[in-house]
Amino acid sequence: MYGAGDVRIEHRPDPTIQQPTDAVVRTVLSCVCGSDLWPYKSMPATGTGRPMGHEFLGVVEETGAGVSGVRTGDLVVAPFTYCDNTCDYCARGLHFSCRQGGRYGFDGVDGGQGEAVRVPQADGTLVKLPVAEDAALLPSLLTLSDVMTTGHHGAVTAGVGRGDGVLVIGDGAVGLCAVIAAKRLGAERIILMGRHPARTDLGRDFGATDVVAERGEEGIARVRDLTGGDGVEKVIEAVGTRQTLQTALGSVIDGGTISRLGVPQYEEGPVGPSMIMRNLTLTGGASPARGYLDELLPDILDGTIEPGRVFDKSFSVDRTPDAYQAMADRRVLKALIAL
């Protein structure tokens, strides 16, 4: 990406092993993330460009001398940040803060929307998948890289449990995966806030019991009407605007919890005395995707959950710029990139 709206396909040097803990992975599937759309809308022009993509699965082509957990030929999925999975932060479930970790597309590391990726800290990062390279489950398994593990993080940090009422704000891929996660953890009522019928219909398939299309004060009023005037116990905010934060605060019951998943596009919010007086908990954050992979993988393998349904259109890698534009125009929910 060279700037807002400027995504290009270029030839880059083939990745090579640089450290003993590296692996080179040939990409089979990648995708465009909703968070990629923020720089697509606002990134200042640059002369060098930034490798894009942080969600991918593929086949290990080469490993460094210090890698023992995966080997050449293994089909693997990569969480959206790399990590050693052993440091004190990882042990606390904060893989995003790993002392040896980092992000794809930065500091000389490849982006996931290319034909191959050098993955640092391969033993801690990569998870072997017990399926074939052409398995029908691959789109669902790809969601473990980010959107499914992020939706699950929202449900976990919100404290969703059996019998709870939950509001999910946002009908994008993360919001829809949060619906799956809330249902999986036993929520009894799941209100999905979104106004794109194709997406909210999918949300109902995933477990949403109610849909609220209204926004702002009207949306808050509708949620409170559905809940007897009090609001919901748990809110998962999967958009990242100040308006959606205000909606979350207006929709949650006193003593309730709001988990923020959307990357905030604001620096200040309404978190002053009124929030304190209501004893609200504001939580969430960047998902420790690697920490959730082992838990969620079996449910995808046995068909209990099908998060791969969020991919509604596939693009070849040479059409990746079209995939960005289609998502930015809301013509596509989540674009799959097949390599």
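Rules used in this analysis
- The numbering scheme is per chain: residues are counted from 1 as the chain's sequence reads.
- In keeping with the predicted nature of the model, local features appear solely for residues at pLDDT of at least 70, side-chain atom pairs appear and are counted solely at 80 or more, and the whole-chain, interface and lining totals rest on all residues.
- Excluded from the side-chain calculations are hydrogens and water; all other atoms, namely the structure's heavy atoms, are used.
- Throughout, nonpolar core names a set of buried Ala, Val, Leu, Ile, Met, Phe, Trp, Tyr and Cys residues whose side chains join them through atoms within 4.5 Å.
- Partly exposed residues are those whose accessible area sits between 20% and 50% of the maximum for their type, while under 20% is buried and over 50% is exposed, using a 1.4 Å probe and protein chains only.
- Think of it this way: any DSSP run of H or I at least four residues long counts as a helix, any run of E at least two long counts as a strand, and we number them from the N terminus.
- In what follows, residue pairs with any heavy atoms lying within 4.5 Å of each other are defined as contacts.
- Contacts described as polar in this section are N or O atom pairs within 3.5 Å, which, within protein, must combine one atom able to donate a hydrogen with one able to accept it, while residues neighboring in sequence count only if both atoms come from side chains.
- The directions from the helix axis to the C-beta atoms form the arc being described.
- The salt bridge criterion pairs a side-chain nitrogen of Lys or Arg with a carboxyl oxygen of Asp or Glu, the two atoms within 4 Å.
- The rule is simple: put a 1 Å grid over the protein atoms alone, call a set of points where a 1.4 Å probe fits but cannot get out a cavity, call an open set with protein on both sides within 12 Å along at least five of seven lines a pocket, and count a residue as lining if it has an atom within 4 Å of a point.
- Grid points are joined across faces, edges and corners, and a volume is the space filled by probe spheres set on the points.
- Polarity classes work like this: nonpolar for Ala, Val, Leu, Ile, Met, Phe, Trp, Tyr, Cys and Pro, charged for Asp, Glu, Lys and Arg, and polar for all others, with Gly in that last group.
- Only residues above 30% relative accessible area that lack a salt bridge enter a patch, with like-charged residues linked at up to 9 Å and the nonpolar side chains Val, Leu, Ile, Met, Phe, Trp and Tyr linked at up to 5 Å.
- Only the protein chains shown count as cover for residues, and all accessible areas are computed by the Shrake-Rupley method using a 1.4 Å probe.
- Charged-residue counts in this description rest on Lys and Arg as positive and Asp and Glu as negative, His and the chain ends being excluded.
- Where a charge lies is defined by one atom per residue type, namely NZ (Lys), CZ (Arg), CG (Asp) and CD (Glu).

Participant: Can you explain the nonpolar core? Please cite residues and give values.
Facilitator: Of all hydrophobic cores here, the largest spans 49 residues; its most connected members are Leu-57, Leu-138, Leu-141, Val-168, Ile-236 and Val-310. Here this core takes nine residues from helix α6 (residues 173-184), the largest share from any one element. Apart from the residues lying within four places of it in its own chain, the contact partners of Val-168 are Gly-175, Ala-178, Val-179, Ile-190, Ile-191, Leu-192, Met-193 and Ile-236.

Participant: Tell me about the environment of Asn-85, residues and numbers included.
Facilitator: Tracing the chain through its elements places Asn-85 in the loop between β4 (81-82) and α2 (88-91). With 38 residues separating them in the primary sequence, Asn-85 and Asp-123 have C-alpha atoms 8.2 Å apart. There is a polar contact of 2.9 Å between the side chain of Asn-85 and the side chain of His-95.

Participant: Outline helix α12 (residues 320-328), listing residues and values.
Facilitator: Burial in α12 covers these residues: Thr-320, Ala-323, Tyr-324, Ala-326 and Met-327. Viewed end-on, α12 has its buried residues packed into an arc of 165°, placing them on one side of the element. Looking at the buried positions of α12, the neighbouring elements they touch are α1 (37-42), β14 (313-316) and β15 (335-338). A positive backbone phi angle near 65° is found at Arg-330, which sits one or two residues after α12.

Participant: An account of the pattern of salt bridges is requested, with residue identities and associated values reported.
Facilitator: One pass over the structure, following the stated rule, counts 18 salt bridges. Of the charged contacts, one joins Arg-222 and Asp-225 as a salt bridge, the two residues approaching to 3.1 Å between their closest N and O atoms. Residue Arg-222 and its partner Asp-225 are both found in helix α8 (residues 216-226); the two are separated by three residues, about one turn of the helix. The class for Arg-222 is partly exposed, based on a relative accessible area of 32%. Of the charged contacts, one joins Arg-319 and Asp-322 as a salt bridge, the two residues approaching to 3.3 Å between their closest N and O atoms. Where salt bridges share partners, they join Arg-26, Glu-61 and Glu-133 into one cluster.

Participant: Describe in detail empty space enclosed by the protein, supporting the description with residues and values.
Facilitator: One pass over the full model with this rule turns up one cavity of 30 Å³ or more. One number sums up the size of the largest cavity: a volume of about 30 Å³. Along its surface, the largest cavity is lined by Pro-79, Phe-80, Thr-81, Cys-83, His-95, Ser-287, Pro-288, Ala-289 and Arg-290. Counted by class, the lining of the largest cavity contains five nonpolar, three polar and one charged residues.

Participant: Account for the layout of surface pockets, with residues named and values stated.
Facilitator: One number sums up the size of the second largest pocket: a volume of about 670 Å³. Considering the residues around the second largest pocket, the lining is formed by 26 residues, among which Glu-10, Arg-12, Gln-113, Gly-114 and Glu-115 are closest to the centre. Tallied by class, residues from the lining of the second largest pocket come to 11 nonpolar, seven polar and eight charged.

Participant: Mind laying out a positive patch on the surface, listing which residues take part and the relevant values?
Facilitator: Taken together, Lys-41, Arg-195, Arg-215 and Arg-330 make up a surface patch of like positive charges. Within the fold, Arg-330 resides in the loop between α12 and β15. Residue Arg-330 is classed as partly exposed on the basis of its relative accessible area, which comes to 47%.

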